[in-house]
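Coordinate inspection notes
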Amino acid sequence: MGTSVHAPIRTFLIADIRGYTRFTEEYGDEASARLSAKFSDLVGEGARLRGGTLIELRGDEALVVFESARQAIRAATDLQRQFAEETDADSDLPLNVGIGIDSGEAVALEDGSFRGAALNVAARLCAMAHGGEVIVTEGTSHLAGRLPGVRYVHRGRAHLKGIADPVSVIRVAREDEERQDQPRILMFFASPKRLSWGVGLAVMLIAAVTAVAVVYLTSSNTGEPSTAAPGPELAGGGADARRAGVMALIPAGLSKNCVKQPAANVGAVETTVCIPPAGGTGFSPDRWEVSIYPNGRAVRDAYNAERRAHRLGSDQGKCNRLTWGGEGPWSHGPGKPGGRRLCYFDRNDAVIVWSHERLGQATHRDVLGVAREGGSDHAGLTSWWGYAHHLIGKLEQ
C-alpha cells in the first residue's frame, strides 16, 4: 500500500493598507513611499518577533507565513496595535490595515513562494476585513486555541469566491476591547431571524450621524462650506436631511451586511464596507464600499484620483456585460443627472467606481462607491450596479 505525502500545515497572514491608491493620488508618491516603508518595517519586525517569515511585499500588501497559528494571531494583534499607535503619533501617514489569516497545507516552491488553498482564503478574508480588523477562519482559531488577552467573535459563515464550501469566519478582538460593537458585528452577518440586534445598531448610527450632521447641512455643491442658512436644495428635507450619515444613504435591502469603518477613506467624512450575506442566493459583489463626502468638489476629486490611478481617460470605453473598461457619465434619466462611473480589471477582479452627486437635488448626497467582484465576473457586477447605483446616495422619501 502506498503512502500519501502531505505538505506541512502552515498559517498565512495577509495584510493590506486600505485606501492606499487614493492616498497616493491625494498626497503624492513621496508620501506614499513613506507610508509603504513604515508599513514594511512594522510588518517585517512584527513577523520576525513572532517567528514568521515575510514572503512578499508589494507596497500596500504583505504576505507572511508562520509555522504556528498562535504566533500568527499574536503577530496580527501586535501589528494592529502598532498600526493604531503609529497613526495616532503621525496622522499624516495613516495605517488603516485589514488582516486575513488562514491555515492549511501548502507546498513550498523553489522561488521561495508557496502554493495552497490557505493563501487564497487568507486573501479573501483580508479583502473582507475593515481597517484595524483581524479576520481568521474557524480552523485557524482551533489550531491556536485560547489565547490570553484575546477573544474570538463569530461572524457566521461566508461564501468566498473560488472556495467550494462556506467558510466559518471569526474576528479576533482584544479581551479588553469594548463589547458595545458586538451587536453591530453580529448584525453584519446575521440571518433575517436574528434582527433583534437592530435596536443596538440604530443607537450607534444615531450617535454617528449626530457627529457629522452639521457638515452635510452646511455644505453646498460648489465645494465650499457655507455659513448661511440652508438654501433651497434642502427645502422640504426636514428630518430626513438630518439622517445624512452614510448608512442612511444605502437602502435597507442592501445595507444589512454593511459596517462603518473606524476611519473614513482619505477626504471622506464616513466610509462603510459591505460583503455578501451568508447563505444569500442573489448576486452581491465580493466587497463594496460607499464613502460620503462633504461636498461635490471633494467627491469629484476622489473620483478623478481613481480615474488617474488606473490611467483612464474621460468619456471613453464602456462598462457593460460585453465590454469592461472605460469612463463616462450616468444619469437617472432625461434631465436627471447622477454622476460618473469607471470600470477596469484588477488582476482577476472586475472593479467599478462611481460617484453619485447631489447636483442641487434635495434628497441626494455626494458619495463615491467602489465594488469589486472576483473571477472577472463583470456581467454579474454590471447587473448589480445597474440596480444599486440609482439608490445608493439618496435619502429615502
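What this report covers is the structure whose coordinates are included nearby. (Residues numbered from 1 in each chain as written. Predicted model: local features only at pLDDT ≥ 70, side-chain atom pairs only at ≥ 80, totals over all residues. Heavy atoms only, no water.)

Quick notes on the environment of G46
- Assignment of secondary structure puts G46 in helix α2 (residues 29–49).
- When the C-alpha positions of G46 and D78 are compared, they lie 7.2 Å apart, and in sequence the two are 32 residues distant.
- With residues near it in sequence (within four places) discarded, G46 still touches A75 and L79. (Helix = DSSP H or I, 4+ residues; strand = E, 2+ residues; numbered from the N terminus. Contact = heavy atoms within 4.5 Å.)

Some words on the pattern of salt bridges
- As enumerated under the stated definition, the model contains 18 salt bridges in all.
- A salt bridge links D16 to R18; its shortest N-O distance comes to 2.6 Å. Just as D16 is buried, R18 falls in that class too.
- Here E357 ties to R300 by a salt bridge, and the two come within 2.7 Å at their closest N and O atoms. Linking E357 in the loop between β16 (349–356) and β17 (367–373) with R300 in helix α10 (residues 296–309), this pair joins segments that are 57 residues apart in sequence.
- Given the relative accessible area of 7%, E357 is considered buried. (Salt bridge = Lys/Arg side-chain N within 4 Å of Asp/Glu carboxyl O. Buried < 20%, exposed > 50% of the residue type's maximum accessible area, 1.4 Å probe, protein only.)

Digging into the sheet that holds strand β13 (residues 316–319)
- Reading across the sheet, the eight strands line up as β10-β11-β12-β17-β16-β15-β14-β13 and stay open at both edges, with antiparallel pairing between neighbours. At either end of the open sheet lies a strand with only one pairing partner, and these are β10 (258–260) and β13. Ignoring which end each strand starts from, the neighbouring axes of this sheet average 25 degrees apart.
- The pairing of β16 with β17 spans seven bridges and is classified as antiparallel. What sits directly across from W354, in β17, is G369.
- On top of the sheet, α10 reaches β14 (324–333), β15 (336–346), β16 and β17; it is set at about 25 degrees to β15, its chief contact. (Pairing = 2+ DSSP bridges. Axes fitted to C-alpha atoms, helices over the stretch in contact; angles between N-to-C directions.)

A look at the environment of W385
- Inspection of the secondary structure puts W385 in helix α11 (residues 378–388).
- Here W385 falls in the buried class, since its relative accessible area comes to 9%.
- Distance in space between the C-alpha atoms of W385 and I352 is 8.3 Å, their sequence separation being 33 residues.
- Not counting residues up to four positions away in its chain, the partners in contact with W385 are W330, R341, I352 and W354.

Re the pairing of strand β11 (residues 270–274)
- The buried count for β11 comes to five of five residues, which makes it a mostly enclosed element.
- Relative to β11, β10 is paired through three bridges, and the arrangement is antiparallel. Counted as the bridge partner of K260 is T272 from β11.
- Note that β11 and strand β12 (residues 287–292) share five bridges and pair antiparallel. Across the sheet, residue C274 finds its bridge partner in β12, namely W288.

Observations concerning the nonpolar core
- Formed by 34 residues in total, the largest nonpolar core has its most connected members in L13, F39, F83, L95, V97, I99 and I101.
- Listed by contribution, the elements that provide at least two residues to this core are β1 (9–17), α1 (20–27), α2, β3 (61–66), α3 (69–89), β4 (97–105), β7 (134–137) and β9 (167–174).
- Element by element, the count of residues in this core is highest for α3, at seven residues.
- With residues near it in sequence (within four places) discarded, F83 still touches F39, L42, V43, L95, V97 and I99. (Core = buried A, V, L, I, M, F, W, Y, C linked by side-chain atoms within 4.5 Å.)

Side note on helix α4 (residues 117–128)
- Across its 12 residues, α4 extends 17 Å between first and last C-alpha, which sits within 8% of the 16 Å expected from 1.5 Å per residue.
- Looking only at α4, the buried set comprises A118, L119, V121, A122, L125, C126 and M128. (Expected span 1.5 Å × (residues − 1).)

What about the pairing of β16?
- Among the eight residues of β16, eight are classified as buried, and the element is accordingly described as predominantly covered.
- Here β16 shows a buried face lined by D349, V351, V353 and S355 and a second buried face lined by A350, I352, W354 and H356.
- Sheet topology places β15 next to β16; six bridges connect them, and they run antiparallel. Paired with L342 across the bridge in β16 is V353.
- Hairpin geometry of β15 and β16 is characterised by an intervening segment of two residues between the two adjacent antiparallel strands and by a positive phi of about 55 degrees at R347.

Thoughts on the packing of α2 against α3
- Two elements in contact, α2 and α3, have axes whose closest approach is 10 Å; the angle formed by their N-to-C orientations is 150 degrees. Considering how the two elements wind past one another, α2 and α3 form a crossing that is right-handed. For the pair α2 and α3, the contacting residues are K38, F39, L42, V43 and G46 in the first and A75, L79, Q82, F83 and E86 in the second.
- Within the contact of α2 with α3, the residues separate by chemical class into six nonpolar, two polar and two charged. (Left-handed = near helix turned anticlockwise from the far one by under 90°. Nonpolar A, V, L, I, M, F, W, Y, C, P; charged D, E, K, R; others polar.)

Concerning unusual backbone geometry
- One non-glycine residue, R311, lies in the positive phi region at around 55 degrees.
- Tracing the backbone shows R311 in the loop between α10 and β13.

What about the state of the cysteines?
- A complete count under the given rule lists two disulfides for this structure.
- Here C319 engages in a disulfide with C343; their sulfurs sit 2.1 Å apart. With the S-S bond torsion at -100 degrees, the cross-link from C319 to C343 turns out left-handed. Linking C319 in strand β13 with C343 in strand β15, this pair joins segments that are 24 residues apart in sequence.
- The class for C319 is buried, based on a relative accessible area of 12%.
- With its bonded cysteines labelled in order along the sequence, the chain shows the pairing 1-2, 3-4. (Disulfide = S-S within 2.5 Å.)

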